[in-house]
Amino acid sequence: MQSCDDILALADTQRGGNKRELYVNASPGLHLLEQLVFPARYEALATELGADLASLLVTPEIETQNLLEDAARGLMARGEGLFLPIYAPSGTGKTTLANNLDKFLPGLFLPTILFSGSVSADSLQRETANHLSKFAANDKRIIPINIDHREGSPPTGEELAEIKRFLRHPEGGSKALILWPDTQRELSNSMSKAYSNIAGRPPIDLPVAISGPPRETWREIAKTTLRLVNSIDSLEDLGVDLNTYDPAAFTSLGGFLREISDDFSKLVTSMRREMRKALRLAIVFASESSDAGILTHLTSSNQFGLLDGSALLDSSPDSEVGKWWKARRGLLTSTIVRLDARAFSLPPSASVGILRRFGADDVKENLGKLGVRMPGELEVKRNIERCDLGKYLLGQSKSILETKGTPTTTSLLAFQYLAESGFTAGRDKALNYAMADALSAFSTALDLGYTTTAEKQLDFCPLIPDNSLNFESEAICLEYTWRASEFMVAKNRGNIAAYCLKKLRNYSRELGWAPE
């Protein structure tokens, strides 16, 4: 198995090169707790990650790879295809091996044909010819053919004769390796002997016993799987301690992963059941900044706006709240996951128009004197759609480097005017009410299905968020912080991290997750 860091780096590359450039779709319609999975079988792992990454995670032992290389060299020397029964207990990695020989031994094998038809020379030759048409005519690599649908049902005498005829066909079968997986050594022995009786002695001893990844790598495989599939760091801190699982207690990697998967599923399910409604937290930084800026270094590279616990702690290690959370690392991960906690920037191009349209009378009057014209609701809706908060509410994938346009001089001056008046002493509450009215109009215009309240306790828990977006089965809590100047810059990284950590601590305490 390659190192965890190598595999993670490859995953980032396959997601789009620079990991800060592309976010996956993270619709508010699907809470983070609903997204968490832990696949225990290769097929599910390949569905989540793709075959390339899945095969790297579960590379077989060198001895098994050497046996397959011996089989390939013998096949090439003879100029005749080979029938290769393989066996191992369920969950060892037979399917992984058979489907990924081109990954493990790329110089020797083409991609595998997963064959599910009737076992006859003609049907095998048709599949092989079609497969070979995708590669150069002078490609000398071997064609693996995996017959994975006949476990427990060895080939009949007639089928063995058809296999023999196919493997001697000069235009395809002669460079084919037919893999016939099974869990029973006795069946593999009998089919190997039966084939040898009609086709002669094979170039290697048959059948081949398959060994998956060494046991000492199993915990690392589980950890990397958990991290890669969910695109979130430190999920092991949720409460499933991988160090408590003893690989020696399991007969196969599959069994080891299944037990962890079952426990992980139970843990996530229990978290879902904790509250009458699912909760989300979105921390919104309203300032002169036109984009997310330094937030990109405090949030996940793969989940839009999702707070990164490790990055928050690294950015504010000496703060009181940073030290408090460092002593409760698992709780931090748990809180972020349970709240699907995210952070976004709100630029003046959105905030000033909202306040001019929905703000208190004195705010609207003063903004008007500064030359800020009254926008229509359609324009306000469009400005919300273009900012990160709006994109999040609409469930849109987006590039963090996407340009949002430069705020007009008027909107910047207007925001600076608001900042001069101050955002404390209760002044921010009036701004939060304006945001609630704007988001209520946004929901109505786009039929998003939520109602909005401001500075009001939720009906199912003691939280009083700045705004709450109330759906039938969940609530999104919005916490605003209004800041002067170009705030989303590197020099404020520690302050921004500490603010997020304080909000997370407040929510954790209010919800009874961190009793003091």
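Notes on the structure follow. (Residues numbered from 1 in each chain as written. Predicted model: local features only at pLDDT ≥ 70, side-chain atom pairs only at ≥ 80, totals over all residues. Heavy atoms only, no water.)

Some thoughts on the environment of Glu479
Okay, so step 1: Tracing the backbone through its elements, the reader meets Glu479 in strand S10 (residues 474-482).
Okay, so step 2: A residue is classified by how much of its surface remains accessible, and Glu479, at 4% relative accessible area, is buried.
Okay, so step 3: For Glu479, the side chain forms a polar contact with the side chain of Tyr507, separated by 2.5 Å. (Helix = DSSP H or I, 4+ residues; strand = E, 2+ residues; numbered from the N terminus. Buried < 20%, exposed > 50% of the residue type's maximum accessible area, 1.4 Å probe, protein only. Polar contact = N/O pair within 3.5 Å; in protein donor to acceptor, adjacent residues only side chain to side chain.)

Here's the deal with helix H11 (residues 218-230)
Structural remark: α-helix, 3.6 residues per turn; residues separated by three or four positions point the same way.
Okay, so step 1: The end-to-end C-alpha distance of H11 is 18 Å, a good match for the 18 Å that 13 residues give at a rise of 1.5 Å each.
Okay, so step 2: Every buried residue of H11 is listed here: Trp218, Ile221, Ala222, Thr224, Thr225, Leu226, Leu228, Val229 and Asn230.
Okay, so step 3: Downstream of H11 by a residue or two, Ser231 has a phi angle that is positive, lying close to 55 degrees. (Expected span 1.5 Å × (residues − 1).)

Let's talk about the sheet that holds strand S5 (residues 208-209)
Okay, so step 1: Taken together, the five strands give an open sheet; going across it, the order is S2-S3-S4-S1-S5, and neighbouring strands pair in parallel fashion. Both outer strands of the open sheet, strand S2 (113-114) and S5, are each paired with one neighbouring strand and no more.
Okay, so step 2: Pairing analysis gives two bridges linking S2 to strand S3 (residues 143-146), with the strands arranged parallel. Counterpart to Ile113 in the pairing with S3 is Ile145.
Okay, so step 3: Against the sheet, helix H10 (residues 185-199) contacts strand S1 (82-87) and strand S4 (176-182), and its axis sits at roughly 165 degrees relative to S1. (Pairing = 2+ DSSP bridges. Contact = heavy atoms within 4.5 Å. Axes fitted to C-alpha atoms, helices over the stretch in contact; angles between N-to-C directions.)

A look at the sheet that holds S10
Okay, so step 1: Reading across from one edge, S7-S6-S10-S9-S8 is the order of the five strands in this open sheet, with mixed pairing throughout. What marks the edges here is a single partner per strand, and that holds for strand S7 (342-346) and strand S8 (451-454). On average, each strand axis in the sheet is inclined to that of its neighbour by 25 degrees, with strand direction left out of account.
Okay, so step 2: Across four bridges, the pairing between S8 and strand S9 (residues 467-470) is antiparallel. Each bridged residue has a counterpart across the sheet, and for Thr451 the counterpart in S9 is Asn470.
Okay, so step 3: Each of strand S6 (278-286) and S10 touches helix H22 (residues 493-510); the most contacted strand, S6, lies at about 150 degrees to it.

None of this, on its own, says anything about what the molecule does.
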